[in-house]
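Fold and contact review
In case you want the letters, here they are:
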Amino acid sequence: MRVVCVGAGPAGLYFAISAKLRDAGHEVTVLERDPWAATYGWGVVYWDDLLDVLYRNDPESAREITARSVLWQDQEVRVHGINGEQTAYFGGYGYSIGRSALLDILARRATQLGVDVQYSHHVAEPSALPPADLVVAADGANSRIRDHHKEFGTRVEVGLNPYIWLGTEQSFRSFVFSFNRTSAGWIWLHAYPSVAGISTCIVECSPHTWKALGLDLLGDDEGVQLLEGIFQRALDGHRLLSRSRGAPAHWQRFAHVTNDSWYHDTTVLLGDAAHTTHFTLGSGTRLAMIDAVVLAHSLREYPDVQGALREYDLHRRAELHPVQAAARTSMAWFEHVDQYLDRDAVAFAHAMSVRHAGQSPWHHQLHLATQITAVRGARRAFATGRRWYLARRRGDMAARQRPWDGDEGSAGSESPRSVSAPRPGAPGN
């Protein structure tokens, strides 16, 4: 089969890998409009459930991803208001990897398997594509391939809150939310480690606060300097980094993408082209890579391309419906977060953790207990054992040699959960 994949992000590259692993005879070409190594963005987060999938699908690239990821433990919710600074805590842990490192691993693995990855290859419309039995549109939320076909039934809902992706030289060891009250209103950041010495920061606020602070008028450098001053305590005096691969970050509003169908004729949607999930859910990259595996599996199980695409569409759209609903709820909650910030930090953090609903009856009691230092230590120790067990079960025997298991929150060189189950916070796509 001749396959042309448009977009060399995690979805496109991992599909190419997965397809070649299942049938080395496939001729797979990946076309990417940007130059090699010109990825934009900082770190993405994931959990053990994705590692389980990656190790089953391709242990070789999974080991590299694990080795270049960092571990964060616990989540802190810091509220800086009229009563000073208050901090509340969530338990749990997760992993993060720099987006450029992830794409480097996937591109090298795809090339090793015989995939033709072409950079600086801009595709304006489907007619410019080479002949193919299957076209995979993995070109992101603003997919040109998708938008050329009305049959997908695409709907895009733009969120209210402006946000910006930045980096920082502050080395966070936990996942940190910092809500700061200013004279213009509330503004907050979500921060987590990405690679050694660098963390990812997403800054978000309401449209009113954004304009009242002058962020709509300030230049890139002036805006970043203003944010450094607002979040000076959370950043511990470290700089914010705006430029990723030379391009400055820009304020944007989240595009919530849905489609009535994920395939039309011999064109199929993958990753953000098919669906987006708000960054406060922290599942974009994870879901895109699972899309890739499911599509490759369907193509192997159903020799007829139409049958394979029909099965992929039916299976994945059903799974993603509750995830996107939860993500939309999460986006809306943060768009109205001001109404919750008059509470103390512990009560506010609990409201944030139950914004998806569906929590167990004892969730509030566990949340209150987690504010006790000894309880957090016990939960962290349990999580350490759980990480070891899951790593050994999936065949990651090198896990014992990585410094993942101390309280310092370090990781390598640089609960399996349902696909529909969101975490308390944890943004990052």
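Everything in this summary refers to the structure shown in the same document. (Residues numbered from 1 in each chain as written. Predicted model: local features only at pLDDT ≥ 70, side-chain atom pairs only at ≥ 80, totals over all residues. Heavy atoms only, no water.)

**Brief notes about the overall build of the protein chain**
- Within the protein chain one finds 13 helices and 17 strands.
- In terms of C-alpha radius of gyration, the protein chain reaches 21 Å, essentially the compact-globule figure of 22 Å for 429 residues.
- For the C-alpha atoms alone, the extent of the protein chain along its principal axes is close to 65 × 50 × 40 Å.
- The proportion of buried residues among the 429 residues of the protein chain is 56%.
- Here the protein chain has roughly 17500 Å² of accessible surface; of this, 51% comes from carbon and sulfur atoms.
- Distance from the positive charge centre (43 side chains) to the negative charge centre (47 side chains) of the protein chain: 5 Å. (Helix = DSSP H or I, 4+ residues; strand = E, 2+ residues; numbered from the N terminus. Rg over C-alpha atoms; globule rule 2.2 N^0.38 Å. Buried < 20%, exposed > 50% of the residue type's maximum accessible area, 1.4 Å probe, protein only. Areas by Shrake-Rupley, 256 points an atom, 1.4 Å probe, with all protein chains shown as cover. Lys, Arg positive; Asp, Glu negative; His and termini not counted. Charge placed at Lys NZ, Arg CZ, Asp CG, Glu CD.)

**Concerning the nonpolar core**
- With 72 residues, the main nonpolar core has Phe15, Ile65, Leu134, Val136, Leu270 and Leu295 as its most contacted residues.
- Examining the composition of this core, we find that ten residues originate from one element, helix H9 (residues 284–301), more than from any other.
- In this structure, Trp72, Phe175, Trp188 and Leu241 belong to the second largest nonpolar core, which totals 31 residues. (Core = buried A, V, L, I, M, F, W, Y, C linked by side-chain atoms within 4.5 Å.)

**A look at the sheet that holds strand E16 (residues 263–264)**
- Strand order across the open sheet formed by six strands is E6-E2-E1-E7-E17-E16, with mixed pairing between neighbours. The open sheet has two free edges, formed respectively by strand E6 (116–118) and E16, since each of these has just one partner strand. (Pairing = 2+ DSSP bridges.)

**Regarding the packing of aromatic side chains**
- In total, this model carries 17 aromatic pairs according to the counting rule given.
- With a centroid separation of 4.8 Å and 20° between ring planes, the pair formed by Trp333 and Tyr340 is classed as stacked. The residues Trp333 and Tyr340 share a single accessibility class, namely buried.
- Here the aromatic residues Phe179, Trp188, Trp333, Phe334, Tyr340 and Phe348 are joined through ring pairs into a cluster of three or more.
- Cation over ring: Arg376 sits above Tyr89, and NZ or CZ is 3.7 Å from the ring centre. (Phe/Tyr/Trp six-rings, centres within 6.5 Å; stacked < 30°, edge-to-face > 60°. Lys NZ or Arg CZ within 6 Å of the ring centre and 35° of its normal.)

**What to know about the environment of Leu51**
- Considering the arrangement of structural elements, one finds Leu51 in helix H2 (residues 48–57).
- Overall, the relative accessible area of 0% leaves Leu51 in the buried class.
- Not counting chain neighbours up to four residues away, the residues in contact with Leu51 comprise Tyr46, Thr66, Tyr95 and Arg394. (Contact = heavy atoms within 4.5 Å.)

**Comments concerning empty space enclosed by the protein**
- The space that makes up the largest cavity amounts to roughly 50 Å³.
- Every residue lining the largest cavity is listed: Val44, Tyr46, Leu50, Leu54, Ile65, Ile97, Leu102, Thr285 and Met289.
- Those elements giving two or more residues to the lining of the largest cavity turn out to be strand E3 (43–46), H2 and H9.
- Broken down by class, the residue content of the lining of the largest cavity amounts to eight nonpolar, one polar and no charged. (1 Å grid on protein atoms, 1.4 Å probe; cavity = no way out; pocket = protein on both sides within 12 Å on 5 of 7 lines; lining within 4 Å. Points joined across faces, edges and corners; volume = space filled by probe spheres on them. Nonpolar A, V, L, I, M, F, W, Y, C, P; charged D, E, K, R; others polar.)

**As for the pattern of salt bridges**
- Per the stated rule, a full pass over the model turns up 22 salt bridges.
- Two residues, Arg68 and Asp104, come together in a salt bridge whose shortest N-O distance is 3.2 Å. One end of the pair, Arg68, is in the loop between helix H3 (59–67) and strand E4 (70–81); the other, Asp104, is in helix H4 (residues 99–112), and 36 residues separate them in sequence.
- For Asp104, a relative accessible area of 22% corresponds to the partly exposed category.
- Salt-bridge contacts for Glu76 lead to Arg78; the nearest nitrogen and oxygen are separated by 2.9 Å. Note on accessibility: Glu76 and Arg78 belong to one class, buried. (Salt bridge = Lys/Arg side-chain N within 4 Å of Asp/Glu carboxyl O.)

**Here we look at the pairing of strand E15 (residues 252–258)**
- Within E15, five of the seven residues are buried, which leaves the element mostly enclosed by the surrounding structure.
- With six bridges connecting them, strand E8 (residues 155–168) and E15 associate as antiparallel partners. Residue pairing for E15: Val158 is matched across the bridge by Ala255.

**Remarks on the pairing of strand E2 (residues 27–31)**
- Most of E2 is tucked away: four of the five residues are buried.
- The parallel pair strand E1 (residues 2–6) and E2 is bridged by helix H1 (residues 10–22), and the resulting crossover is right-handed.
- Across three bridges, the pairing between E2 and E6 is parallel. Paired with Leu31 across the strands is Gln118, a residue of E6. (Right-handed = clockwise from strand over helix to strand, strands pointing away.)

**A closer look at the state of the cysteines**
- Considering all chains together, one arrives at zero disulfides under this definition.
- Among the cysteines around Cys205, which has no disulfide bond, Cys201 carries the closest sulfur, lying 15 Å off.
- For Cys205, a relative accessible area of 0% corresponds to the buried category. (Disulfide = S-S within 2.5 Å.)

**Here we look at the packing of H9 against helix H10 (residues 305–335)**
- H10 packs onto H9 with a crossing angle of 155° between their chain directions and a minimal axis gap of 8 Å. Relative to H10, the element H9 is oriented roughly antiparallel. Where H9 crosses over H10, the handedness of that crossing is right-handed. Of H10, the residues touching H9 (which contributes Leu287, Ile290, Asp291, Val294, Leu295, Ser298 and Leu299) are Ala308, Leu309, Glu311, Tyr312, His315, Arg316, Leu320 and Val323. (Axes fitted to C-alpha atoms, helices over the stretch in contact; angles between N-to-C directions. Parallel < 35°, antiparallel > 145°, perpendicular 65-115°, else oblique. Left-handed = near helix turned anticlockwise from the far one by under 90°.)

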